[in-house]
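# Working through the structure, step by step
Spelled out, the chains give:
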Amino acid sequence: MNEDAPIFVTQPLLPPLDQLMPYLEQIWANKYVTNGGPFHQQLEAALCEHLGVKHISLFANGTIALMTALQSLGVKGEVITTPYSFVATAHAMMWNGIKPVFADIDPATFNLDPARIEAAITPATTAIMPVHCYGRPCDVQAIDTIARRHSLKVIYDAAHAFAVRQDGTSVLTHGDLSVLSFHGTKVFHTFEGGAIVSPDSATKRHIDNLKNFGIVDEVTVSAPGINGKMSEFNAAFGLLQLKHIELALDKRRAIDRHYREALADVPGITCLPHAAGVVANGAYFPILVGRAYHASRDELYQKLRDAGVVARRYFYPLISDFPMYRTMPSADPANLPAASQIARQVLCLPIFPDLSADQIKRIVGLIRQACRA
Ligand SMILES: *Cc1c(COP(=O)(O)O)cnc(C)c1O
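Residues numbered from 1 in each chain as written. Predicted model: local features only at pLDDT ≥ 70, side-chain atom pairs only at ≥ 80, totals over all residues. Heavy atoms only, no water.

### Brief notes about the pairing of strand E9 (residues 177-181)
Note the following rule: For each residue, the accessible area found with a 1.4 Å probe, counting protein chains only, is set against the maximum for its type, and the residue is called buried under 20%, exposed over 50%, and partly exposed in between. Each helix is a run of DSSP H or I of at least 4 residues and each strand a run of E of at least 2, with the numbering of both proceeding from the N terminus. In this scheme, strands are said to pair when DSSP sees at least two bridges between them.
Most of E9 sits inside the fold, with five of its five residues counted as buried. Summarising the sheet, strand E6 (residues 153-157) and E9 pair through three bridges and their orientation is parallel. Note on E9: the bridge partner recorded for aspartate 157 is valine 179. In terms of strand pairing, E9 meets strand E10 (residues 194-198) through four bridges, oriented antiparallel. Bridged to valine 179 within E10 is isoleucine 196.

### Notes on the packing of helix H1 (residues 21-30) against helix H8 (residues 232-263)
Applied cut-off: The axes are straight lines fitted to the C-alpha atoms, using for helices just the contacting stretch, and the angles between their N-to-C directions are given from 0 to 180°. Our angle categories are set so that under 35 degrees counts as roughly parallel, over 145 as roughly antiparallel, 65 to 115 as roughly perpendicular, and the remainder as oblique. Left-handed describes a crossing in which the near helix is turned anticlockwise from the far one by less than a right angle; the clockwise case is right-handed. Any two residues having at least one pair of non-hydrogen atoms within 4.5 Å are treated as being in contact. Side-chain classes are defined by residue name, with Ala, Val, Leu, Ile, Met, Phe, Trp, Tyr, Cys and Pro counting as nonpolar, Asp, Glu, Lys and Arg as charged, and the others, Gly among them, as polar.
Here H1 crosses H8 at 150°, and the two axes come no closer than 10 Å. When the axes of H1 and H8 are compared, the pair comes out roughly antiparallel. With respect to the hand of their crossing, H1 and H8 are arranged in right-handed fashion. On H8, the residues touching Tyr23, Leu24 and Ile27 of H1 are Glu232, Phe233, Ala236, Leu239, Leu240 and Lys243. Among the residues making up the contact of H1 with H8, the classes are represented as seven nonpolar, no polar and two charged.

As structure tokens, then:
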């Protein structure tokens, strides 16, 4: 491998191409390309088994899955969410005519702070959309208690949380619904794709109708649905990738351990600790660049970039800093001190299954070097 080839923050998992050919031959043979074909059905079943959940609906992407999740529960008015996420979390609300209300995060977990959720509730609040940021589980018990007390729906944006388990169960079983993304940058991907995890078959059926224009049968359309269907090509690729996912997850977890050990003694660099009782997925490797470090976060970011290491400032800017949100009262940085502070300090280092020990050494070396400069 070329010593100087750029290292991106992530790299899609792509099994050997020859392994894909039998799947494509089957699609060509049976001429079933979309609308819940055989591979689509197989992938739903395989994912339920793999993730330890009962009902999954596949989608064309995670954003349409988020939009459909909100639609399916009839969410309106205001939804409390985190500013510390990918912009699709809030955009999915806007496309439903819902107003996002930003609450601050807990600086120890980077997830919504339950106390701040409760403080943000108004008579217009109908739901909470927390994000399991970097796959680190939210305080699901506290959020559940708040939701019950105020009769609010909870939709988890679980785009980062594929295969994450807590105390032996899938983190995707909490709240009313959980939404996954299978985008190429995610731990498990189908090039583009997503899914909704439902608690029961009636909910799944309703969501399956909504993602197919609201069509129930040949002569019945029950709701103004959308086209959110996953094609047979994407589903076939997902089935192939599932065969490789355990090894890929193990490699990610090993890289996570490697980084933690190698960075432990660097002054001013802090790694986000794992939560107790959690099987993590190694989806991201965020570090905080603190005052004790001899360069700013942006200086380190640029230094890495100049050396061909493309780390990313997830999540900077905050969602609440983008023009369509920043005039909202809840978007005021004074309302979001922890999120604002972390957005200024965070840097996500490259992590993907094929990241080599030499590449990690190179990245860690650059961070240490900047430290001495
Ligand atoms: C990736 C991502 C999404 C969007 O998923 P797509 O499949 O790209 O539409 C939503 N929320 C979060 C937190 C994400 O990281």
